[in-house]
Amino acid sequence: MSQQYDAIIVGGGHNGLVCAAYLAKAGRKVLVLEKRHVLGGAACSEEIYPGFTYSVCSYVVSLLRPQIIRDLKLARFGLHVLPLESTFSPYPDGRSLLRTANPAETRREIAAFSAKDADVYPLFGKAMGQLARFAKPIIDEKAPDPGSLWPKELTRLLKLGKRFRDLGDDLGLLQYKLTTMSAVDFLSEWFETDELIAPMACSGIIGTMLGVKSPGTAYVLLHHYMGEIDGASRSWGFARGGTGAISMAIARSAQHFGAEIRTNAGVQQITVRGGEAKGVVLEDGTELSAKIVISGAEPRLTFLGLVGEKELPSEFVTQLKRYKLRGSSGKVNLALDRFPDFSSRPGIGMHMRGDISIAPNTDYLERAYDDAKYGDFSKKPFMNIVFPSVLDPDMAPEGKHVMSIFVQYAPYHIKEGPSHWPEKREAFGDAVIDTLSDYCPTLKDSILHRQVLTPWDLEQEFGLTEGNIFHGELSLEQLLFQRPVSGWAHYKTPIHKLWLCGSGAHPGGGVMGAPGQLAAQEILKGGAC
Amino acid sequence: MGKALVIGGGPNGLAAAITLAAKGRSVTLLEGKCTLGGRCAVLDDTATVQPWAVEALGLDLEWVDAAPLVHATSTGNHTIDHDEPAMAAWLCEVATFTPLIRELSASAPPNIRLGAAWTQLLGSALPMAKLGRAKGFELARIGPLCAEDWLDESGIDRSTQAALIAPALLGTWMGPRSPTSALAVLFHHALSGQEIEGGMEGLLNALVRRANGAGVDIRTEARVVRIIVEEGRAVGVTLDDGAELRADVVLSTIGLKNTMFSLVGHRALPFGLDMAVENIRSRGVVAQWRATAASPLFGGAERVVVVDDTTALERAFDDAKHRRLPSRPAMLIRQRGETLNALVFGAAHDLDGGWSDEARISLQKTILDTLGERADASLISNAELITPVDLESTYGLEGGHLFHGEFALDQFLSFRPHPMLSGYKSGIDGLWLGGAGMHPAGGFTLGQGILAAGQV
């Protein structure tokens, strides 16, 4: 029987769509199957409450690769990224700290806490910028394989080694420290003010089940600076129309190149015969065949859920079962009748045009983590907030606002068991609003509608196994040549003609699009379809 | 050959002095207190002392099998069974890495500084390459894990896990759920083997005997107050009585900050070195507790680990992390005759409010209560608590940390304690470093002093 498609892509998340667009652009006949009624997976926009558009899950453009924007002509297909202009940190005692792209202003703000830190801040930024330049190719290329003896791989490794040495002793050491230290330890070598260290350290823990003092959390700090060197392409920002607008632009591009996309088409099974992927079976029983199948779904779901254990080598099954997901975060989206003033800095100024960190000190963050470690959501959580409607007034009716609140920690594995999350959902939402009321007392009275997403909801609704927003912990042993598992980091899988293209593959989660792009590259290079 | 001064009469000081004397130098060992031994009075576990070190020093001592480990929990006490299938399988896994880890611990770490030859770097990768691809990848996977996750894989129950993990955490600033704690556990168990007859006292006696035999001039109550640096070179020391001793080589085995800041002084340090030393992390999380028991506790067991499970262990670390008194400390007890010597995990050096009398009394009570759940605490008398702050003031343990510096990936191998101080060099000609803060980390190995002296 001849195949209906060159490639079927399971999951219409942003990575699946990127992969589809690249394959279609190369002339392949591609079908994307999305279970939900909207595209984008966790990168979607929905009007949950009339007139208010929520970026339901993912809320910022994090390192969307500039090359993808260019290759897929995303601007032409409606992508418009608005830069996030500031980071605002309010403290319960009424003080606050605003960091912007304006060095003089930022310096003044930090100097109110510590003159020394104000001096060090730009130096730190410079050092991190240099490291970001070193590390950037790592997210733009497939993972190096240190165990390989292939001349090509060895050459890549030597090149990487040479570039590392070219960094010089000081930066080389800094890079090593960045990969191994905790965010707080790393920042404490530079800064003395806990009020500054805490909100900076937070970027290291987003989406992980670790604390800011856990070793290995410093690395993600670099992502912020990688965004900066992408420069004018604004890879760190907010998409007009919400995060879903990114997915829609990619989808339009894919369609333009000839890809076929179906929504409400959940895949029930990936058909495997003789160790080879043949196609998929949809939830309605429809069978579709293709030369290759590519899954944008999370690896454990892909293999243990859609392929089935009996088709897989037992060693691989063991690896998958060990694969750490452990979602740790939730999301609260609010529709607001009016703008809620932060008592430390009322009004809609520059400080509302970026992200807002509720991370008053490092002990606070560790206590939030401690709650989660022992199976409960944080009574006083860390929060990262944006007001999309401030940047893009079309997100809400005139004068009204949407507020996107990323909340950590909300561990998937609560002590009652994850299926008990629905009973705790509102209590969790209340903890978030109560904590926020310490900073903006009028918030409670301005809420028109509240959407609370627990990790359980993220799993049930968006297929994020265990509610992990990155399709697997971004911990050292699950990165690079070990992502998702050792030996299978190059998008191939033990099932012949089944490939991975989601965040569970290198270089991991976030709205980067890199796994989708790199998977497409590998597939095309090998002539798999 | 010339004259050498060794600062610090602890185990590494003695080991360094013996090694230097064996190389034909005229060695003077300077100890500030009236007794030798330093940390030996705190740590009473010789299982991680490396046989190669004992051999290199030519120590006259006997090895004995480690006494059985009794695990005391609030629901009962029992002896840890190494033949239980899950445990045996896990120990087997550890054993596959043992040769590599012991090899790494028996030699100076490779120089990773700029200018190091490629051949040297590749040479240092050789032991790793010997592991082979599969085991190498496995090590890369295990290393960053938290200890609890790793041991969960083996099927060992979390109560027994805690007994295996607790000893490895003493040298870290981690709990069983901290990433990379698996590496600490792996190193600890890979380095552990037989113990020395007579324990730490037996080892110390052998070291002193050997040092005397080798002609080391041992001076106690000879506190060094300054390392004399002339034209960028260490040429001797000044003692607290004002005496100046000159030598070709000075080797310090005391704390790194003390050596570099107090004895050398900021002004004599090369550019950047002061920041490097400042940033070395040594946050103590362990207190010592000593007492006498009217009759033996725990059925007379010599080694006892007091901890319920990994959650309790993690909570003990949380207490230290948040600088509060531990409510359920984990304890490693050594019972010799009627004396009890316990290391109490979960006691922060930087306790909020400081180690006041109230805090001390409160922790003493907590310790007795915890023991009381597992043994007849009414037999205990003469209890004495030595807090991390006391450990610092008595034994010069910076931050109260038992190993002069935390076991952490960024303070490990060539990075221990910091690349600028790697290879036992201090950055000042003629001054070498050979204390516990240097490579190898992962247990009381006796390796640092020997390897440092070997580099001189």
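The structure reproduced in this document is the subject of the present report.

Rules used throughout
- Residues numbered from 1 in each chain as written.
- Chains lettered and ligands numbered in written order.
- Predicted model: local features only at pLDDT ≥ 70, side-chain atom pairs only at ≥ 80, totals over all residues.
- Helix = DSSP H or I, 4+ residues; strand = E, 2+ residues; numbered from the N terminus.
- Rg over C-alpha atoms; globule rule 2.2 N^0.38 Å.
- Buried ≥ 20, exposed ≤ 12 C-beta atoms within 10 Å, placed from the backbone.
- Contact = placed C-beta atoms within 7 Å.
- Pairing = 2+ DSSP bridges.
- Nonpolar A, V, L, I, M, F, W, Y, C, P; charged D, E, K, R; others polar.
- Core = buried A, V, L, I, M, F, W, Y, C linked by C-beta atoms within 7 Å.
- Axes fitted to C-alpha atoms, helices over the stretch in contact; angles between N-to-C directions.
- Parallel < 35°, antiparallel > 145°, perpendicular 65-115°, else oblique.
- Left-handed = near helix turned anticlockwise from the far one by under 90°.
- Expected span 1.5 Å × (residues − 1).
- Right-handed = clockwise from strand over helix to strand, strands pointing away.

**What to know about the overall build of chain B**
Here's step 1: For chain B, the count of helices and strands is 16 helices and 17 strands.
Here's step 2: Against the globule reference of 23 Å for 456 residues, chain B gives a C-alpha radius of gyration of 21 Å, in line with a compact fold.
Here's step 3: Across the 456 residues of chain B, 54% fall into the buried class.
Here's step 4: Look at the contacts in chain B between residues 6 or more apart in sequence, and 74% of them connect residues 24 or more apart.

**Regarding the overall build of chain A**
Here's step 1: Scanning chain A for helices and strands turns up 18 helices and 19 strands.
Here's step 2: In terms of C-alpha radius of gyration, chain A reaches 22 Å, essentially the compact-globule figure of 24 Å for 529 residues.
Here's step 3: A principal-axis box enclosing the C-alpha atoms of chain A has dimensions of 70 × 55 × 45 Å.
Here's step 4: Counting over 529 residues, chain A shows a buried share of 55%.

**Regarding the sheet that holds strand β9 (residues 236-239) of chain A**
Residues and elements named next belong to chain A.
Here's step 1: Pairing is antiparallel across the open sheet formed by three strands, whose spatial order is β5-β9-β6. Both outer strands of the open sheet, β5 (61-62) and β6 (81-83), are each paired with one neighbouring strand and no more.
Here's step 2: In the sheet, β5 pairs with β9 via two bridges, with the strands oriented antiparallel. Bridge pairing links Ser62 to Trp236 in β9.

**A few points about the interface of chain B and chain A**
Here's step 1: Contacts between the two partners involve 25 residues from chain B and, on the opposite side, 25 residues from chain A.
Here's step 2: Classifying every residue of the side of chain B that touches chain A by side-chain character gives ten nonpolar, five polar and ten charged.

**Quick look at the pairing of strand β17 (residues 401-408) of chain A**
Residues and elements named next belong to chain A.
Here's step 1: Within β17, eight of the eight residues are buried, which leaves it mostly tucked inside the rest of the structure.
Here's step 2: Judged by which residues are buried, β17 turns out to be covered on both faces: His401, Met403, Ile405 and Val407 on one side and Val402, Ser404, Phe406 and Gln408 on the other are all buried.
Here's step 3: Here five bridges tie strand β16 (residues 382-386) to β17, and the two strands are oriented antiparallel to one another. Bridge assignment links Ile385 to a residue of β17, and that residue is Ile405.

**Notes on the nonpolar core**
Here's step 1: Core analysis: the largest hydrophobic core is formed by 163 residues, its most contacted members being Ile8, Ile9, Val10, Ala20 and Ala519 of chain A.
Here's step 2: It is helix α1 (residues 14-25) of chain A that provides the largest number of residues to this core, a total of eight residues.
Here's step 3: In this structure, Leu170, Ala247, Ile280 and Leu446 of chain B belong to the second largest nonpolar core, which totals 146 residues.

**Observations concerning the packing of α1 of chain A against helix α10 (residues 244-256) of chain A**
All names here are of chain A.
Here's step 1: Where α1 meets α10, the axes come as close as 8 Å, and the angle between the chain directions of the two elements is 20°. Comparing the axis directions of α1 and α10 gives the class roughly parallel. Of the two elements, α1 crosses α10, and the hand of that crossing is left-handed. Where α1 approaches α10, its residues His14, Leu17, Val18, Ala20, Ala21 and Ala24 are matched on the opposing element by Ile246, Ser247, Ile250, Ala251, Ser253 and Ala254.
Here's step 2: Its residues assigned to classes, the contact of α1 with α10 comprises nine nonpolar, three polar and no charged.

**A few points about unusual backbone geometry**
Leave glycine aside and you will find that most residues have negative phi; peptide bonds, for their part, are mostly trans.
Here's step 1: Between Gln408 of chain A and the following residue, Tyr409 of chain A, the backbone shows a cis peptide bond with an omega angle of 15°.
Here's step 2: Mapped onto the elements of the fold, Tyr409 of chain A is located in the loop between β17 and α15 (421-437).
Here's step 3: A cis amide bond, omega 0°, links His439 of chain B with the succeeding residue Pro440 of chain B.
Here's step 4: Its identity as a non-glycine residue notwithstanding, Tyr491 of chain A has a phi of 75°, on the positive side.
Here's step 5: Secondary-structure assignment places Tyr491 of chain A in the loop between α17 (455-462) and β19 (498-500).
Here's step 6: Overall, Tyr491 of chain A belongs to the buried group, with 25 C-beta atoms counted inside 10 Å.
Here's step 7: Positive phi outside glycine occurs at Lys497 of chain A, with the angle close to 70°.
Here's step 8: Structurally, Lys497 of chain A can be placed in the loop between α17 and β19.
Here's step 9: Looking at Lys497 of chain A, the number of C-beta atoms within 10 Å reads 21, which means it is buried.

**A few points about the sheet that holds strand β1 (residues 3-7) of chain B**
Residue and element names in this part refer to chain B.
Here's step 1: Strand order in the open sheet formed by five strands is β7-β2-β1-β11-β17, and the pairing between neighbours is parallel. Strand pairing shows two members of the sheet lacking a second neighbour, β7 (217-219) and β17 (431-433), which therefore form its edges. Here the strands of the sheet are splayed against their neighbours by 20° on average, with no regard to which way each runs.
Here's step 2: Bridge count for strand β2 (residues 26-30) against β7 is three bridges, and the pairing is parallel. The partner of Leu30 across the bridge, within β7, is Arg219.

**Some words on helix α9 (residues 181-191) of chain B**
Here's step 1: Of all the eleven residues making up α9 of chain B, eleven are buried; the element is thus mostly covered by neighbouring parts of the structure.
Here's step 2: Of the surrounding elements, those touching the buried residues of α9 of chain B are α3 (85-105), α6 (133-142), α7 (147-154) and α8 (158-169) of chain B.

**Some points on the environment of Pro440 of chain B**
Here's step 1: With respect to the helices and strands, the residue Pro440 of chain B is situated in the loop between β17 and α16 (447-455).
Here's step 2: Ignoring any residue separated from it by four or fewer positions in sequence, one finds Pro440 of chain B in contact with Leu104, Ser105, Thr445 and Gly447 of chain B.

**Overview of α1 of chain A**
Note that an α-helix has 3.6 residues per turn; residues three or four places apart therefore point the same way.
Residue and element names in this part refer to chain A.
Here's step 1: Across its twelve residues, α1 extends 16 Å between first and last C-alpha, which sits within 8% of the 16 Å expected from 1.5 Å per residue.
Here's step 2: Judged by how many residues are buried, α1 sits mostly within the fold: twelve of twelve residues are covered.
Here's step 3: Every buried residue of α1 is listed here: His14, Asn15, Gly16, Leu17, Val18, Cys19, Ala20, Ala21, Tyr22, Leu23, Ala24 and Lys25.
Here's step 4: On its buried face, α1 sits against β1 (5-10), β2 (30-33), α2 (66-71), α10, β13 (287-295) and α18 (514-525).
Here's step 5: One or two steps after α1, the chain reaches Gly27, where phi turns positive at roughly 95°.

**Thoughts on the packing of helix α4 (residues 115-140) of chain A against helix α6 (residues 168-180) of chain A**
All names here are of chain A.
Here's step 1: Put simply, α4 and α6 touch, their axes get as near as 10 Å, and they point 80° apart. By the angle between their axes, α4 is roughly perpendicular relative to α6. Taken together, the residues of α6 that come into contact with α4 (itself represented by Ala127, Gln130, Leu131 and Phe134) are Leu171, Leu174, Gln175 and Leu178.
Here's step 2: A breakdown of the residues in the contact of α4 with α6 according to their chemical character gives six nonpolar, two polar and no charged.

**Here we look at the environment of Leu145 of chain B**
Here's step 1: Relative to the elements of secondary structure, Leu145 of chain B occurs in the loop between α6 and α7.
Here's step 2: A residue is classified by how many C-beta atoms lie within 10 Å of it, and Leu145 of chain B, with 26 of them, is buried.
Here's step 3: Each C-alpha atom of the pair Leu145 of chain B and Val344 of chain B lies 25 Å from the other, and the pair is 199 residues apart in sequence.
Here's step 4: Other than its neighbours up to four places away in sequence, Leu145 of chain B contacts Glu477 of chain A together with Trp150, Pro179 and Ala182 of chain B.

**Notes on the environment of Pro393 of chain A**
All names here are of chain A.
Here's step 1: Within the fold, Pro393 resides in the loop between α14 (388-391) and β17.
Here's step 2: Judged by the 13 C-beta atoms lying within 10 Å of it, Pro393 falls in the partly exposed class.
Here's step 3: Pro393 sits 153 residues away from Arg240 along the chain, and the two C-alpha atoms are 9.3 Å apart.

**A word on the pairing of β1 of chain B**
Residue and element names in this part refer to chain B.
Here's step 1: Counting buried residues in β1 gives four out of five residues, a clear majority hidden from the surface.
Here's step 2: As paired strands, β1 and β2 are joined by five bridges and run parallel to one another. Residue pairing in the sheet places Val6 in a bridge with Leu29 of β2.
Here's step 3: In terms of handedness, the path from β1 via helix α1 (residues 11-22) over to β2 forms a crossover that is right-handed.

Nothing here speaks to function; it is all geometry.
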